[in-house]
Amino acid sequence: MELIRRPRRLRSGEILRKMVRETRMSKTSLIYPTFVVEGENRKEEIPSMAGQYRYSIDQLLYKAEEMLEAGIDKFMLFGIPDHKDACGSEAYAEHGIIQEAMRALKARLPELYLIGDVCMCEYTSHGHCGILHGHDVDNDQTLQYIAKIARSQVEAGADMVAPSDMMDGRIAAIRAELDKAGYVNTPIMSYAVKYASSFYGPFRDAADSAPSFGDRKTYQMDWHNRREGLKEALSDVEEGADLLMVKPAMAYGDIISDVKAATNVPLGAYSVSGEYCMVKTCGKLGYVDETAIMCEIATAAYRAGADIYLTYFAKELAKAMDEGRIG
């Protein structure tokens, strides 16, 4: 039989394979999540996330310079305050850890694009993402606090805010608060489809944000559900979200694809701490090629439809792109 169709023709050499590649990535789409602590001269490695650190502001400035040299200019900031209380007051304090970090970064490196994670779990004494009423998070009471946090971050220099609390109506509340304050051009990237995932374990170690009782399943999504993700995404777009996010990324490619097909706003995927930890651990033990696996997982998120990728591997992925191993 004479073969006419030979798909292997387009795989015959590296130059050709790259020319016809369907999924392309850029360093400009990478966001680096970073943890900030109070004090001075602190750079503390996170035990469950080898190679990731909590930085005091003075050390964060050095890290930001290092990332800029690698081509990474977008940071998502998470704050870990010394003082926590029932209403997470340090999250919206004028001189809170995140607010001060943003001012310092903007003063030293104005070319950075800063995204504030808007949530309360790192700041509350109970570790939940909102105001408690008994043992339940009060959705509507929490909204005013979430909006206040977003405004305080923007006033301190945030270029974008990203609410991760999963309260109903939070996007509308933030949009109204920012617009009232004159920040009509500040975009909101919603953690629209955020599952109650076991992949977050190392993050809770990093951010000291584990709940003191119960779990977050009454507000984060059940990972059995697919259609619910679309409901959340579409609702946030209607409320004014400018960008959306699916979290986690690696095990949720179907959700990324669904949201991409159903919406017309840019879509991010957050490769979370558990994904990072698994790759680092298996790589250290010699079970996998760490760089190759890192590249494959990232490509899968973009292939599924992500336009933006939040990852602790941002610097390593940028290097892989420079070397032609990905993108």
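Residues numbered from 1 in each chain as written. Predicted model: local features only at pLDDT ≥ 70, side-chain atom pairs only at ≥ 80, totals over all residues. Heavy atoms only, no water.

1. Digging into the packing of helix H10 (residues 290-304) against helix H11 (residues 314-322)
Okay, so step 1: Contact geometry for H10 and H11: axes closest at 10 Å, N-to-C directions at 95 degrees. One finds that H10 runs roughly perpendicular with respect to H11. Residues Met294, Cys295 and Ala298 of H10 touch H11, and the partners they reach there are Glu316, Leu317 and Ala320.
Okay, so step 2: Of the residues belonging to the contact of H10 with H11, the class tally is five nonpolar, no polar and one charged. (Axes fitted to C-alpha atoms, helices over the stretch in contact; angles between N-to-C directions. Helix = DSSP H or I, 4+ residues; strand = E, 2+ residues; numbered from the N terminus. Parallel < 35°, antiparallel > 145°, perpendicular 65-115°, else oblique. Contact = heavy atoms within 4.5 Å. Nonpolar A, V, L, I, M, F, W, Y, C, P; charged D, E, K, R; others polar.)

2. Some remarks on unusual backbone geometry
Okay, so step 1: Cis rather than trans, the peptide bond between Lys247 and Pro248 has omega equal to -5 degrees.
Okay, so step 2: Following the sequence through the fold, Pro248 ends up in the loop between strand S10 (243-247) and helix H8 (253-262).
Okay, so step 3: Within the chain, Asn41 stands out as a residue other than glycine whose phi angle is a positive 55 degrees.
Okay, so step 4: When you line up the elements, Asn41 lands in the loop between strand S1 (30-37) and strand S2 (43-45).
Okay, so step 5: Look at Asn41 and you get exposed, because its relative accessible area is 60%.
Okay, so step 6: Here Met166, not a glycine, exhibits a phi torsion of approximately 70 degrees, which is positive.
Okay, so step 7: The residue Met166 is located in the loop between strand S8 (160-163) and helix H5 (170-180) in this model.
Okay, so step 8: With a relative accessible area of 4%, Met166 lands in the buried category. (Buried < 20%, exposed > 50% of the residue type's maximum accessible area, 1.4 Å probe, protein only.)

Without other data, these values stay purely geometric and don't point to any function.
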